[in-house]
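One-letter residues, chain by chain:
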Amino acid sequence: MNSLSKNQLKCLAAYRQQKRCDEEGVFVVEGVKMCSEALQSGFTVRIVCGTADFLAANGDKLAHCGEVYEVNAEQLERLSNQRSPNKVWMLVERSVLAESILTESGERRKENGKGLVLALDGLQDPGNMGTIMRTADWYGIRRIVCSHDTVSCYNPKVVQATMGAIFRTEVIYCDLAEWLGNAAKEGRATYGAMLDGEPYQAAALQSPAVLVIGNEGNGISKEVAAKIGHRLTIPNIGGTCESLNAAVATAILCAEFYR
């Protein structure tokens, strides 16, 4: 089993910076559960740095990985973004599907004609993003479309919060207002979570559909709101809170769509 040199360790520790990962089209995955998901996902695992017991327990699964190194607890801490690193660190190549809405021929890829697509407009909190991806995974939603100013799905905090959903979800960044206009032309009903909308329990929800969730503080932008056909709200029964957490609102509305 290979060991890391001081120079190799220094080079890999540079991937703690999001900019370095963005430049190379990779992302960091940490911990036994998440790394086990990565090994089963079909994604290309470029580098594995694991403790002796992790490597021994997963030797057969590591055969198709690029470089595999045995590290000790101190080395793992140097690599990790986590407060308590858990046995393994991986560098994984990003999915091509998550990078573009274009096919290899350069044509715009059409949406699947069934089910629900989530759209995120300016979402900023990594925890919310990761939780929404996890919620989408729970409901079998395989595509999330984001405005360019939405937090990166490869942000380390997002990756960890997805609990593996990142390996099963296509995330697209684009001009969201333009994309919504095209989706409506293709027959998708467009819904937005807004404070001034119709109570979701009374709405006649259609399918296929797009559900738009806005920024945590400012909601859905004017440009995107102009492309939304139906406004939905979750009634504030308590009457004291100003707003509902974006990830919680997403979960409530997804449950209603599938009910």
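See the structure printed just above.
Okay, so let's go over this structure. (Residues numbered from 1 in each chain as written. Predicted model: local features only at pLDDT ≥ 70, side-chain atom pairs only at ≥ 80, totals over all residues. Heavy atoms only, no water.)

Here we come to the pairing of strand S10 (residues 209–213). With respect to burial, S10 is a largely interior element, five of its five residues being buried. Residue alternation in S10 divides its side chains into two sets, Ala209, Leu211 and Ile213 and Val210 and Val212, and both sets are buried. Where strand S6 (residues 116–120) lies against S10, five bridges are found, and the strand directions are parallel. The residue of S10 that forms the bridge with Val117 is Val210. Sheet analysis places strand S9 (residues 189–199) next to S10, joined by four bridges and oriented parallel. Paired with Thr190 across the strands is Val210, a residue of S10. (Buried < 20%, exposed > 50% of the residue type's maximum accessible area, 1.4 Å probe, protein only. Helix = DSSP H or I, 4+ residues; strand = E, 2+ residues; numbered from the N terminus. Pairing = 2+ DSSP bridges.)

In this structure the tally under the stated criterion is six aromatic pairs. Ring centres 6.1 Å apart and planes at 40° place the aromatic pair Phe27 and Phe167 in the tilted group. Here Phe27 is found in strand S2 (residues 26–30), whereas its partner Phe167 is found in the loop between helix H7 (156–161) and strand S8 (170–174), with 140 residues between them in sequence. For the residue pair Phe27 and Phe167, the accessibility class agrees, reading buried in each case. (Phe/Tyr/Trp six-rings, centres within 6.5 Å; stacked < 30°, edge-to-face > 60°.)

Time to look at the environment of Asn215. Structurally, Asn215 can be placed in the loop between S10 and helix H9 (222–225). Separated by 90 residues in sequence, Asn215 and Asp125 place their C-alpha atoms 8.9 Å apart. Apart from the residues within four sequence positions on either side, Asn215 is in contact with Asp121, Gly122, Leu123, Gln124 and Ile220. (Contact = heavy atoms within 4.5 Å.)

This next bit is on the nonpolar core. Counting residues in hydrophobic clusters, the biggest one holds 50 residues, and the most contacted among them are Phe27, Val29, Val48, Met90, Leu118, Met129 and Met133. Examining the composition of this core, we find that five residues originate from one element, helix H10 (residues 246–258), more than from any other. (Core = buried A, V, L, I, M, F, W, Y, C linked by side-chain atoms within 4.5 Å.)

This part takes up the sheet that holds strand S5 (residues 88–93). One open sheet holds the five strands; their spatial order is S1-S4-S3-S5-S2, and the pairing between them is mixed. Bordering the open sheet on either side are strand S1 (2–3) and S2, each of which pairs with just one other strand. Of the pairings in the sheet, the one linking S1 to strand S4 (residues 67–70) comprises two bridges and is parallel in character. Along S4, the bridge assignment pairs Ser3 with Glu70. Its contacts with the sheet put helix H3 (residues 32–41) on S2, strand S3 (45–50) and S5, and the angle it makes with S5 is roughly 35°. (Axes fitted to C-alpha atoms, helices over the stretch in contact; angles between N-to-C directions.)

The end-to-end C-alpha separation of H10 is 18 Å, in line with the 18 Å expected for 13 residues at 1.5 Å each. Listed in full, the buried residues belonging to H10 are Ala246, Ala247, Ala249, Thr250, Leu253, Cys254, Glu256 and Phe257. Buried residues in H10 make contact with S6, helix H6 (126–138), S9, S10 and strand S11 (230–233). Capping the start of H10 is the job of one residue whose side-chain oxygen sits 2.9 Å from the backbone nitrogen of Ala247: Asn245. (Expected span 1.5 Å × (residues − 1). Polar contact = N/O pair within 3.5 Å; in protein donor to acceptor, adjacent residues only side chain to side chain.)

On to the sheet that holds S8, then. Taking strand neighbours across the sheet as the criterion, the six strands line up as S8-S7-S6-S10-S9-S11 in an open arrangement whose pairing is parallel. Looking along the sheet, the strands with just one partner apiece sit at the ends: S8 and S11. On average, each strand axis in the sheet is tilted by 30° relative to the strand beside it, whichever way the strands run. The pairing of strand S7 (residues 143–147) with S8 spans five bridges and is parallel. Counted as the bridge partner of Val145 is Ile172 from S8. Sheet strands in contact with helix H8 (residues 176–185) are S6, S7, S8, S9 and S10, and its direction is about 160° off that of S10.

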